[in-house]
Amino acid sequence: MTTYDADGVTLEKVRDYVWEIPQEGGMNRPARVLASEDLLDEISEDKTLQQLKNATHLPGVRKYAICMPDGHQGYGFPVGGVAGIDAEDGCISPGAVGYDINCGVRMMKTNLTYADVQGREEELVDALFEAVPSGLGGGGVHQGTKGDVDAILERGMEWALEEGFAVPEDLEHCEDEGVRHDADPDRVSQKAKDRGKNQIGSLGSGNHFLEVQRVTDVYRDDVAERFGLSEDQIVVLIHCGSRGLGHQVCTDYLRDIEQAHAGLLDRLPDKELAAAPAGSQLAEDYYGAMCAAINFAWVNRQLIMHRTREVFADVFDTTWEDLEMDLLYDVAHNIAKKETHEVEDGEERELFVHRKGATRAFPAGREEVPPAYRDVGQPIIIPGSMGAGSYVLRGGEESLSETFGSTAHGAGRLMSRTQAKQEFWGGDVQDDLREQSHVYVKAQSGATVAEEAPGVYKDVDEVVRVSDALGIGDRVARTFPVCNIKG
DNA sequence: ATGTGC
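Notes on the structure in this doc start here. (Residues numbered from 1 in each chain as written. Chains lettered and ligands numbered in written order. Predicted model: local features only at pLDDT ≥ 70, side-chain atom pairs only at ≥ 80, totals over all residues. Heavy atoms only, no water.)

## What to know about the overall build of chain A
Here is step 1 of the chain: For chain A, the count of helices and strands is 17 helices and 20 strands.
Here is step 2 of the chain: Projected onto its principal axes, the C-alpha coordinates of chain A cover approximately 65 × 50 × 50 Å.
Here is step 3 of the chain: Put simply, 77% of the contacts in chain A that link residues at least 6 apart link residues at least 24 apart.
Here is step 4 of the chain: Carbon and sulfur atoms provide 41% of the accessible area of chain A, an area that totals close to 17,200 Å². (Helix = DSSP H or I, 4+ residues; strand = E, 2+ residues; numbered from the N terminus. Contact = heavy atoms within 4.5 Å. Areas by Shrake-Rupley, 256 points an atom, 1.4 Å probe, with all protein chains shown as cover.)

If you want it as structure tokens, here you go:
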């Protein structure tokens, strides 16, 4: 048997790109890493594998905890981690969802081609930077009232539709149709609501961005045609989350769960994995609050998209409808959701599927896939770095049996933000991108550009190649940046 | 990720 020895953890090769950490000690199940050997070399450099092992200690974890090819260490649980945990006798863990609840990405199409924007990149990036709020702190597209925040938390993109920030087709092209009906705004603290009130429609900082891109490659003609994608087409990618509101929800419930379920915590190998037992009051409360934060993030991305449509209409002196600026799809990267899956003994169970830095990747036929894509599989959007472009995939046939219907979410960091700032200088990164790749970057902070330099990320091509080879997410098209705004 | 911290 082929094995891979990382520091303190031995993995057994199951087949190409599938590695297993066998069950031992307090593990309730084995763990699996889906990666090439090159990616595994990177994954094994930080605490990812230990965190993945730790996750299998959570009560009710089913089949195996999984690390995606873009995995790296996170708070308690890997970013790029997936755990399907029994919703009846298991638990729910905020650390396995992440601080930025429903951090995610949407792609909007246009009928413009690269030739239409060439020579106008500067004008476009300036107009977008001016119109779309970004950076740390407050200021959003819409200054919300207390009532707005409650309505957003309760109804998600249905609120945006009522307020004229969306058209019905936007909701039809969003995961969960842009609303989690399990949301309970009363379970979100006033502090979280106050933080969110003036951040409705704002990018934030860190790896969040808005990017105008051109489609460079199409790999599956039939699926690309169904998605409305073709070479040289201009598209817009929006990557952001639930800002301070989601962060506060995570903080609030981590503290409460640590205190109320100290007994369970004592049996876990890492305090950061704090979990509420299924059926407990805090499990219900956290789920309701998390779903509300999910709704907030969808509205956030919707309002940024709405503003982007206005900018394009202005710059190109027409209407967004004439530019056919339609939403391809919006996918969540940091969520937990009740879903029914076949587990290890062939039984169908309701699970809290935790996807932290992982994308739902449902294939054709699955009822949660919206009618527009039910017969081809859902679109999956995987952003790469500023220098590497991004991918559109579609849900693969193997995802339901291998990954609870999930795949990767991005390139994955190679180094810390602190290290990145020592290696790169923002202005140089911007100059290099413009001169070598014709990519126009505008940011609130040079430090953010350094932290997000292309060199701090893993090879997104390799991540997507593994997803495609495993059949969990099939490569459809590749894009490359034209201009990018960020915090 | 984040009014970047208990």
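## A look at the packing of aromatic side chains
Here is step 1 of the chain: Using the criterion set out here, one finds nine aromatic pairs in the structure.
Here is step 2 of the chain: Ring geometry for Tyr219 versus Tyr391: centroids 6.3 Å apart, planes at 25 degrees, classification stacked. Taken together, the residues Tyr219 in the loop between β9 (209-218) and α9 (221-227) and Tyr391 in strand β17 (residues 390-395) connect sequence positions 172 residues apart.
Here is step 3 of the chain: Given a relative accessible area of 30%, Tyr219 falls into the partly exposed group.
Here is step 4 of the chain: Relative to Phe352, the ring of Tyr287 lies with its centre 5.5 Å away and its plane at 55 degrees, an arrangement referred to as tilted. (Phe/Tyr/Trp six-rings, centres within 6.5 Å; stacked < 30°, edge-to-face > 60°. Buried < 20%, exposed > 50% of the residue type's maximum accessible area, 1.4 Å probe, protein only.)

## With respect to the nonpolar core
Here is step 1 of the chain: Core analysis: the largest hydrophobic core is formed by 66 residues, its most contacted members being Leu11, Val33, Met68 and Ile382.
Here is step 2 of the chain: In this structure, Ile382 is in contact with Ser390, Tyr391, Leu393, Ala408, His409, Gly410, Val460 and Val464, ignoring residues within four places of it in sequence.
Here is step 3 of the chain: Grouped together as the second largest cluster of nonpolar side chains are 48 residues, Ile101, Cys250, Tyr253 and Ile257 included. (Core = buried A, V, L, I, M, F, W, Y, C linked by side-chain atoms within 4.5 Å.)

## Thoughts on the pattern of salt bridges
Here is step 1 of the chain: As enumerated under the stated definition, the model contains 38 salt bridges in all.
Here is step 2 of the chain: A salt bridge links Glu123 to Arg120; the shortest N-O distance between them is 3.1 Å.
Here is step 3 of the chain: Looking at Glu123, the relative accessible area reads 38%, which means it is partly exposed.
Here is step 4 of the chain: Given the relative accessible area of 28%, Arg120 is considered partly exposed.
Here is step 5 of the chain: The salt bridge involving Arg187 is made with Asp184; its shortest N-O contact spans 3.5 Å.
Here is step 6 of the chain: Overall, Asp184 belongs to the partly exposed group, its relative accessible area being 25%. (Salt bridge = Lys/Arg side-chain N within 4 Å of Asp/Glu carboxyl O.)

## Section: the environment of Gly80
Here is step 1 of the chain: By the secondary structure assignment, Gly80 is in strand β6 (residues 79-86).
Here is step 2 of the chain: Judged by its relative accessible area of 0%, Gly80 is buried.
Here is step 3 of the chain: The spatial distance from the C-alpha of Gly80 to the C-alpha of Ala358 is 5.2 Å, given a sequence separation of 278 residues.
Here is step 4 of the chain: Once you skip the residues sitting within four places of it in the chain, Gly80 turns out to touch Ile66, Cys67, Met68, Asp70, Gly71, Lys356 and Gly357.

## Digging into helix α2 (residues 48-55)
Here is step 1 of the chain: Burial analysis of α2 places seven of its eight residues in the buried class, the great majority of the element.
Here is step 2 of the chain: Where α2 is buried, its residues touch β1 (3-6), β2 (9-15), β3 (18-21), β4 (31-34), α1 (37-43) and β5 (65-72).

## A word on the protein's contact with DNA strand B
Here is step 1 of the chain: Around DNA strand B, the structure places 16 residues, and the nearest of them are Leu136, Arg195, Gly206, Asn207 and Arg417.
Here is step 2 of the chain: Of everything in DNA strand B that lies within 4 Å of the protein, sugar and phosphate atoms constitute 56%.
Here is step 3 of the chain: Measuring from a phosphate oxygen of DNA strand B, one finds a backbone N or O atom of Ser205 at 2.8 Å.
Here is step 4 of the chain: Contact distances for DNA strand B include 2.9 Å between a phosphate oxygen and a side-chain N or O atom of Arg243.
Here is step 5 of the chain: Counting residues per element, the ones that place at least two in the surface near DNA strand B are α8 (190-197) and α10 (243-260). (Near = heavy atom within 4 Å. Polar contact = N/O pair within 3.5 Å; in protein donor to acceptor, adjacent residues only side chain to side chain.)

## Digging into α10
Here is step 1 of the chain: Here α10 contains 18 residues, and its C-alpha end-to-end distance of 26 Å stays within 8% of the 26 Å for a straight helix at 1.5 Å per residue.
Here is step 2 of the chain: At its buried positions, α10 is contacted by α5 (146-155), α8, α11 (262-266), β11 (276-277) and α12 (281-315). (Expected span 1.5 Å × (residues − 1).)

## Digging into the sheet that holds β3
Strand pairing in a sheet is mediated by backbone hydrogen bonds. Such pairs are either parallel or antiparallel.
Here is step 1 of the chain: The strand order β1-β2-β3-β4-β5-β6-β14-β13 describes an open sheet built from eight strands, whose pairing is mixed. On the outer flanks of this sheet lie β1 and β13 (334-342), each paired with one strand and no other. This sheet shows a mean twist of 25 degrees between the axes of neighbouring strands, independent of strand direction.
Here is step 2 of the chain: Sheet topology note: the β2/β3 ladder contains three bridges and is antiparallel. The residue bridging Glu12 from the neighbouring strand is Glu20, located in β3.
Here is step 3 of the chain: Where α2 meets the sheet, it contacts β1, β2, β3, β4 and β5, and its direction lies at approximately 160 degrees from that of β5. (Pairing = 2+ DSSP bridges. Axes fitted to C-alpha atoms, helices over the stretch in contact; angles between N-to-C directions.)

## Details of the pairing of β6
Here is step 1 of the chain: For β6, the tally of buried residues reaches eight of eight residues, placing the bulk of the element in the interior.
Here is step 2 of the chain: Summarising the sheet, β5 and β6 pair through three bridges and their orientation is antiparallel. Across the sheet, the residue bridging to Ile66 is Val82, located in β6.
Here is step 3 of the chain: Where β5 folds back on β6, the antiparallel hairpin that results is connected by six residues, among which Gly76 adopts a positive phi of roughly 75 degrees.
Here is step 4 of the chain: Sheet topology places β6 next to strand β14 (residues 348-356); six bridges connect them, and they run antiparallel. Across the sheet, Gly81 pairs through a bridge with Lys356, a residue of β14.

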